[in-house]
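# Working through the structure, step by step
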Amino acid sequence: MLDLWYKNAVIYCLDIETYMDGNGDGIGDFVGLTQRLDYLTGLGITCVWLMPFYPSPNKDNGYDVMDYYSVDPRLGSLGDFVEFSRRAEERGIRIIVDLVVNHTSDQHPWFQEAVRDRESKYWDYYLWSEQKPEDIQEGGVMFPGLQDTTWTYYEKAGAYYAHRFYDHQADLNITNPEVRAEIQRIMGFWLALGVSGFRIDAAPHLIELRQADNLFERVEDPYIYIDEMRDFLSWRRGDAILLAEANETPDELSKYFDHGDRMQMLFNFWGNQYFFLALARQEAAPLVQAFQDLPPVPSIGQWANFVRNHDELTLDKLSDDEQDEIAAAFAPDRDTMWIFDRGIRRRFAPMVNGDLQLLKMTYSLLLSLPGTPVLNYGEELGIGDDLSLEERKPARTPMQWSPGKNGGFSTAAPEDLILPVVSEGQFNYKEVNVACLRREPGSLLTWMEQAIRLRKECPELGWGQWQILDTKHPSVFAHRCQWQGNVVIAIHNFSPDPCTATLTLKDDLDHCLVDLFKNQPEETVSAPTHEFQLEGYDYRWFRVTNSVI
Ligand code: NOJ
Ligand code: CA
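Description of the structure in this document.

Conventions we followed
- Residues numbered from 1 in each chain as written.
- Chains lettered and ligands numbered in written order.
- Predicted model: local features only at pLDDT ≥ 70, side-chain atom pairs only at ≥ 80, totals over all residues.
- Heavy atoms only, no water.
- Pairing = 2+ DSSP bridges.
- Helix = DSSP H or I, 4+ residues; strand = E, 2+ residues; numbered from the N terminus.
- Donors = N, O, S within 2.8 Å, 3.2 Å for Na, K, Ca; no water.
- Near = heavy atom within 4 Å.
- Polar contact = N/O pair within 3.5 Å; in protein donor to acceptor, adjacent residues only side chain to side chain.
- Areas by Shrake-Rupley, 256 points an atom, 1.4 Å probe, with all protein chains shown as cover.
- Nonpolar A, V, L, I, M, F, W, Y, C, P; charged D, E, K, R; others polar.
- Phe/Tyr/Trp six-rings, centres within 6.5 Å; stacked < 30°, edge-to-face > 60°.
- Buried < 20%, exposed > 50% of the residue type's maximum accessible area, 1.4 Å probe, protein only.
- Lys NZ or Arg CZ within 6 Å of the ring centre and 35° of its normal.
- 1 Å grid on protein atoms, 1.4 Å probe; cavity = no way out; pocket = protein on both sides within 12 Å on 5 of 7 lines; lining within 4 Å.
- Points joined across faces, edges and corners; volume = space filled by probe spheres on them.
- Axes fitted to C-alpha atoms, helices over the stretch in contact; angles between N-to-C directions.
- Parallel < 35°, antiparallel > 145°, perpendicular 65-115°, else oblique.
- Left-handed = near helix turned anticlockwise from the far one by under 90°.
- Contact = heavy atoms within 4.5 Å.

## Section: the sheet that holds strand 6 (residues 151-154)
Here 3 strands make up an open sheet; going across it, the order is 5-7-6 and the pairing antiparallel. Where the open sheet ends on each side, the last strands, each with one partner, are strand 5 (128-129) and strand 6. Bridging between strand 5 and strand 7 (residues 159-162) involves 2 bridges; their strand directions are antiparallel. Note on strand 7: the bridge partner recorded for Ser 129 is Tyr 160.

## Structural notes on the coordination of the calcium ion (ligand 2)
Surrounding the calcium ion (ligand 2) are the protein donor atoms Asp 21 (OD), Asn 23 (OD1), Asp 25 (OD), Ile 27 (O) and Asp 29 (OD), which sit 2.2 to 2.4 Å from the metal. Binding-site remark: the calcium ion (ligand 2) is held by donors from one chain whose sequence spacing is D-x1-N-x1-D-x1-I-x1-D.

## A closer look at unusual backbone geometry
Even without being glycine, Asn 406 reaches a positive phi, approximately 50 degrees. Tracing the backbone through its elements, the reader meets Asn 406 in the loop between strand 16 (372-376) and helix 15 (434-437). Positive phi, close to 50 degrees, is recorded for Gln 484, a residue that is not glycine. When you line up the elements, Gln 484 lands in the loop between strand 18 (476-483) and strand 19 (486-493).

## Some points on the site of ligand 1
With respect to spatial proximity, the complete set of residues near ligand 1 consists of Asp 60, Tyr 63, His 103, Phe 143, Phe 165, Arg 199, Asp 201, Glu 245, His 310, Asp 311, Arg 392 and Arg 396. Within the side chain of His 310, a nitrogen or oxygen atom sits 2.8 Å from an oxygen atom of ligand 1. In this structure, Asp 311 approaches ligand 1 through a side-chain N or O atom, which is 2.5 Å from an oxygen atom. Here ligand 1 has 300 Å² of accessible area as a free molecule, and 98% of this is covered by the chains. Among the residues making up the shell around ligand 1, the classes are represented as 3 nonpolar, 2 polar and 7 charged.

## Regarding the packing of aromatic side chains
The description of an aromatic ring pair rests on the distance of the ring centres and on the angle between the ring planes. Per the counting criterion, the structure on display carries 49 aromatic pairs. Ring geometry for Phe 53 versus Phe 81: centroids 5.5 Å apart, planes at 25 degrees, classification stacked. One end of the pair, Phe 53, is in the loop between strand 2 (47-50) and helix 3 (78-90); the other, Phe 81, is in helix 3, with 28 residues separating them in the sequence. Taken together, a centroid distance of 5.0 Å and an interplanar angle of 85 degrees make the contact between Phe 111 and Tyr 154 edge-to-face. Within this pair, whereas Phe 111 is found in helix 4 (residues 109-116), its partner Tyr 154 is found in strand 6, the two being separated by 43 residues in sequence. The pair Phe 111 / Tyr 154 is uniform in exposure class, with both members buried. A network of ring pairs unites the aromatic residues Phe 30, Phe 53, Tyr 54, Tyr 69, Phe 81, Phe 84, Phe 189 and Trp 190 as a single cluster. Note that Lys 518 overlies the ring of Tyr 539, its terminal NZ or CZ placed 5.9 Å from the centroid.

## Overview of the layout of surface pockets
Taken as a whole, the second largest pocket holds about 480 Å³ of empty space. If you trace the second largest pocket, you find 24 residues lining it, with Lys 7, Val 297, Trp 463, Gly 464 and Trp 466 closest to the centre. If you list the elements that add at least two residues to the lining of the second largest pocket, you get strand 12 (302-306), helix 17 (459-463), strand 17 (465-469) and strand 18. Of the residues belonging to the lining of the second largest pocket, the class tally is 15 nonpolar, 8 polar and 1 charged.

## Examining the packing of helix 9 (residues 269-281) against helix 10 (residues 285-293)
Their axes nearest at 7 Å, the elements helix 9 and helix 10 cross at an angle of 165 degrees. With respect to their mutual orientation, helix 9 and helix 10 come out roughly antiparallel. Where helix 9 crosses over helix 10, the two elements pack in a sense that is right-handed. Every residue of helix 10 that contacts helix 9 at Trp 270, Gly 271, Tyr 274, Phe 275, Leu 277, Ala 278 and Arg 281 is listed here: Pro 286, Leu 287, Ala 290, Phe 291 and Asp 293. In the contact of helix 9 with helix 10, the residues fall into 9 nonpolar, 1 polar and 2 charged.

Treat this as a map of the structure, not an account of what it does.
Structure (structure tokens):
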């Protein structure tokens, strides 16, 4: 059997800048993060995804990189990175890092050299046009409302350059072999420093291999570039992975996996959007349909499931009416909660008013869905957001460690923090923080530790063949995962009302069901159909044991 570590991983995403400040200047850093490794070990996560920590003008939260081979001095040094990576390895925690090579910052020396001298080799690192090409509106501008165009005139260059994202993020020309060689060097560098893989930022745009006459048209087979990346990766480090940010339709997604020779992991944006529709409707059907629509995954492939990430909750694959349903349930004040005409700029706990039972049901689902769960820092506490902040910042406030000053994030003066800590309302740091919640039996944090432990004890969920089970109740989602002769069944009630679900468990007849969360007597499947009494927003995991009555 291949040792595919990511199949049963629990990934934790964090932004160093907002995680833990080790030197009291108001900005999180590697020293602070390293101090928190024991917390992460206790939580049970097995892999940290570090958001961009490279030198950057920081106009897009670090996704505007100006040096791929270094650490932003505000966050530490390369030495601090290596120290962190060593300490993480000691604890069995792997690291994946963001690879942001669809674009560079306009402050990157490549871009600066290009605009200084058109004859330099760096000119062809980017995409230029003498005349302003027609803007592609549909799917062209990624940040509507903040960005007007995909072509911006650069005075010094006397030409327009292409950019899918902000105008300070010039798109790289990956049809240029020299650019591809640069990307390999970057990957090789971080692999040599011990990372276990990369989160590929903006993967669909990265592989828009540009044609001279239509710079946003895909060439016939853009995916061959992923083959190339993967080949390089696997030669350098056999167990390293590519995890793509590709918010695409199911038919497109299969091409990112191909036969297992491209990306190993893809974020499950499709499942995520329909999960929110299911939650808004209190019905399982949208999620059932979404999982049935997903393409089959090759044996080494895996979905990366998530509830929220650091961006807006994108709902672009849903119809306007469906988006309205979700907004009505979770973002009633469109003016402050909605962004880019497609998503919600809130964290999850405030969306559900901190309903603990619903939070646990949701994260139980996340931890049990076919694939690998990805948590965003602070989700284990149910932290809130700050809607007074601009753009996508409300969901990027600092981690809340204690009821002390600045929530224990930093000793700096509050006005010097990189972003304010949530200090008002239901989710304020005095109440929602690690120190308090870890001592509170039944808190989301203590529950999460237990749930993560359970997840790791159930490799069937990450490795197994899965099947969605009919439940004879519209609110209940149930699935069965089987791996190496072992079976786990998970049942989730999307409604606040108690109900009875009736599952057909022919394959498990005469077997015992051991409830993995609750201390309840074992049940025996003594008939082809079996009834489950569920509380509102209940979640149950059962291991099917061989012990026959
Ligand atoms: C996706 C990242 O998640 C987002 O935060 C960023 O703004 C864009 N890519 C551009 O890099
Ligand atoms: Ca600092």
